[in-house]
Amino acid sequence: MESNIIGRREIVVTDELTAAAVDASLPSVFSTPQLISLIEMTAAKSVESMLEPGQTTVGTEINIKHMAATPVGMTISCETVLREREKNRLEFDVRAYDDKELVAEGTHQRFIIKKEKFMLRAAKKASPDCI
């Protein structure tokens, strides 16, 4: 897997994607948790075709500045750039724009994992026998 793999996704901000959808006292603008989700999915999809059968990636770290509010109806465009790979660790630079300006930037880290092994470990953790 090489570096400089670019991922791009766009979504339109709906009422369901706003901070107000979680708490009516909050503004009706694109929420930071939804931004994080968009970044994670964009990065994950960008490297998906490079993975071996049975592998996937999981997010382990995100560091972003959410600098501008985006109202309902605007489009958010997310771009992730894989800038470094060290074994199974992937480091991305991330940016998000709305129709007017840069709204967020930062970094995101993902790890390549074997999905079945990962899910078995999670299931074991959920077991009542797990201490």
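These figures come from a predicted structure and were not determined experimentally.

**Student:** Any chance you could break down the nonpolar core for me, citing the residues and the numbers?
**Tutor:** What tends to happen in soluble globular proteins is that the nonpolar side chains get buried as a cluster. If you look at the biggest cluster of nonpolar residues, it comprises 21 residues, and the most contacted ones within it are Phe30, Ile76 and Phe92. Residue assignment for this core shows that the elements contributing at least two residues are helix H1 (32–47), strand S3 (75–86), strand S4 (89–97) and strand S5 (102–114). Looking at this core element by element, the count peaks at five residues for H1. Setting aside chain neighbours within four positions, we find Phe92 in contact with Ala43, Ser46, Val47, Thr80, Val81, Leu82, Arg83, Gly106, Thr107, His108 and Arg110.

**Student:** Outline the side chain of Ser31, listing residues and values.
**Tutor:** Of note, Ser31 is situated in the loop between strand S1 (6–12) and H1. Of the residues examined, Ser31 reaches a relative accessible area of 7% and is grouped as buried.

**Student:** Any details on the environment of Asp93? Residues and values, ideally.
**Tutor:** Among the secondary structure elements, Asp93 is positioned in strand S4. Residue class for Asp93 comes out partly exposed when judged on its relative accessible area of 26%. Note: C-alpha distance between Asp93 and Ile6 (87 residues apart in sequence) is 9.6 Å. Apart from residues no more than four positions distant in its own chain, Asp93 is found in contact with Glu79, Thr80, Val81, Arg83, Gly106 and Thr107. Engagement of the side chain of Asp93 in a polar contact is seen with the side chain of Arg83, the distance being 2.8 Å.

**Student:** Give me the lowdown on the pattern of salt bridges, citing residues and values where you can.
**Tutor:** This structure, assessed with the given rule, holds 10 salt bridges. The salt bridge partner of Arg95 is Glu105, with a shortest N-O separation of 3.8 Å. Of the two residues, Arg95 is situated in strand S4 and Glu105 in strand S5; the sequence distance between them amounts to 10 residues. A relative accessible area of 35% means that Arg95 is categorised as partly exposed. Salt bridges sharing common partners tie together Arg83, Glu84, Glu86, Arg89, Glu91 and Asp93.

Criteria and thresholds
Residues numbered from 1 in each chain as written. Predicted model: local features only at pLDDT ≥ 70, side-chain atom pairs only at ≥ 80, totals over all residues. Heavy atoms only, no water. Core = buried A, V, L, I, M, F, W, Y, C linked by side-chain atoms within 4.5 Å. Buried < 20%, exposed > 50% of the residue type's maximum accessible area, 1.4 Å probe, protein only. Helix = DSSP H or I, 4+ residues; strand = E, 2+ residues; numbered from the N terminus. Contact = heavy atoms within 4.5 Å. Polar contact = N/O pair within 3.5 Å; in protein donor to acceptor, adjacent residues only side chain to side chain. Salt bridge = Lys/Arg side-chain N within 4 Å of Asp/Glu carboxyl O.

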